[in-house]
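Survey of secondary and tertiary structure
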Amino acid sequence: MSVHTVLRFGLPGLSYTGLSSVEGLHRLDGLYLARLRKHSPALHDSLLAYRADAKQLNALQTSALLLECAPVLETFIAGLFSIQAELEQSTAQTLAHAAVLEFKKEFVLKRAKRRLHKPDVPETFAELDAWLNQSLAAAGINTTDREHAVARLGKQLLAADNVEAIEKLTRWCVLAFTDAKGRAAVRGWASFKLPQTLDYAHLTPAQSGAAGLHAAPEQLRRRDGFALTDTRMSARAVQDQVHYCIYCHDHDGDFCSKGFPEKKGAPERGLRVNPLGVTLTGCPLEEKISEMHSLKRDGRTIAALR
């Protein structure tokens, strides 16, 4: 049995073989435009005008148009392939990481990070961790995903303005950075992964040994066979990067693609040159990274891909 006899489109009058023709693609586009017009006649007209003459919009206006159209297209594609339930599940799974990243913002970055230079914590990590376990149990929070559980507890403490408990959880975060047992407890947590300063004189961290310089054991990745040595990011780690992105599609600050100026607001000074003598010209591919990240942040995976 061929794939064409098993899979069916969720929209009438379409087939996989039909989409191999120009006429089939025009029909599909017509169905999308009809859906867009039903959603917003003004948006429909704006898209047609853009198709007729893309130069009528500047970069910021183009981004705004794409961001308005993308969610409608996502819904249309979900209906086309009859994957509405799967899309809802994907959206829920993506948004579930938001609590962890909000915890990172409110506790790790805003409260704990500024105290790392002077970690004056009277308790041991074991004592604070025991308190944390008791607090999670008292709040009835499932700890199967402990990072998410701690994030949910932090959100509850902030909502209740529980100053004493907020301070205690902050001290736990401080020791999660500065104490060996604390670092082990949060190893692999996206909420405790911070960007590191780039040392151009030591781009590859190394240690001195009897045989000369070598990498630290924890940094080594065996290359057995032809498998990747990089295990790839988890979905939560991906969302952490999405939230870390400095969105620039709504203002003229897309240095990632345009290049990093020597001084902002002074283009006559040219682009910045790093210590290796490389001019930071930016990425030439003109991908809509900021727009993509803003949609992915909101759980709209298909729209972000679009």
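Residues numbered from 1 in each chain as written. Predicted model: local features only at pLDDT ≥ 70, side-chain atom pairs only at ≥ 80, totals over all residues. Heavy atoms only, no water.

**Digging into the packing of helix H2 (residues 22-39) against helix H3 (residues 41-52)**
Put simply, the test is: In this analysis, axes come from line fits to C-alpha atoms, helices being fitted only over the stretch in contact, and the angle between any two N-to-C directions falls in the range 0 to 180 degrees. The helix count covers DSSP runs of H or I at least four residues long, the strand count covers runs of E at least two residues long, and both are numbered beginning at the N terminus. Oblique is the label for any angle not under 35 degrees, not over 145, and not in the 65 to 115 range, which are roughly parallel, roughly antiparallel and roughly perpendicular in turn. Throughout, a residue-residue contact means that at least one pair of heavy atoms, one from each residue, lies within 4.5 Å. Each residue is assigned to one class: nonpolar for Ala, Val, Leu, Ile, Met, Phe, Trp, Tyr, Cys and Pro, charged for Asp, Glu, Lys and Arg, and polar for all the others, Gly among them.
The geometry of H2 relative to H3 is characterised by a closest axis approach of 5 Å and an angle of 135° between their N-to-C directions. Put simply, H2 runs oblique to H3. Residues Asp-29, Tyr-32, Leu-33, Leu-36, Arg-37 and His-39 of H2 form the contact with H3, whose own contacting residues are Pro-41, Leu-43, His-44, Leu-47, Leu-48 and Arg-51. Residues that form the contact of H2 with H3 fall into these classes: seven nonpolar, two polar and three charged.

**Points about a nonpolar patch on the surface**
Formally: Only residues whose relative accessible area exceeds 30% and that form no salt bridge are eligible for patches; like-charged ones are grouped when within 9 Å, while nonpolar side chains (Val, Leu, Ile, Met, Phe, Trp, Tyr) are grouped when within 5 Å. Throughout, the Shrake-Rupley method with a 1.4 Å probe supplies accessible areas, and for residues the shown protein chains are the sole cover considered. Salt bridges are defined as contacts in which a side-chain nitrogen from Lys or Arg sits within 4 Å of a carboxyl oxygen from Asp or Glu.
Among the surface-exposed residues, Leu-198, Tyr-200, Leu-203, Leu-276 and Val-278 lie close enough to one another that they form a single nonpolar patch of about 450 Å² accessible area. Position of Leu-198 among the secondary structure elements: in the loop between helix H10 (180-185) and strand E1 (207-209).

**Structural notes on the confidence of the model for the chain**
Quick note on the threshold: Confidence of the predictor at the level of single residues is given by pLDDT, which spans 0 to 100.
Chain-level statistics for the chain give a pLDDT mean of 91 and a share of 98% at 70 or above. For the stretch residues 1-5, pLDDT sits under 50, and the model shows three contacts to residues farther than four places along the chain or on other chains.

**Section: H3**
The line we're drawing: Multiplying 1.5 Å by the helix residue count minus one yields the expected span of that helix. Throughout this description, buried means an accessible area under 20% of the type-specific maximum (1.4 Å probe, protein chains only), exposed means over 50%, and partly exposed covers the range between. Each C-beta atom gives one direction from the helix axis, and the arc is the one those directions make.
Taking 1.5 Å per residue, twelve residues should reach 16 Å; H3 reaches 17 Å between its end C-alpha atoms and fits that length. The set of residues buried in H3 consists of Leu-43, His-44 and Leu-47. One side of H3 carries all its buried residues, which in axial view fall inside an arc of 105°. Exposed residues pointing more than 90 degrees away from the buried face of H3 are listed as Ala-42 and Ala-52.

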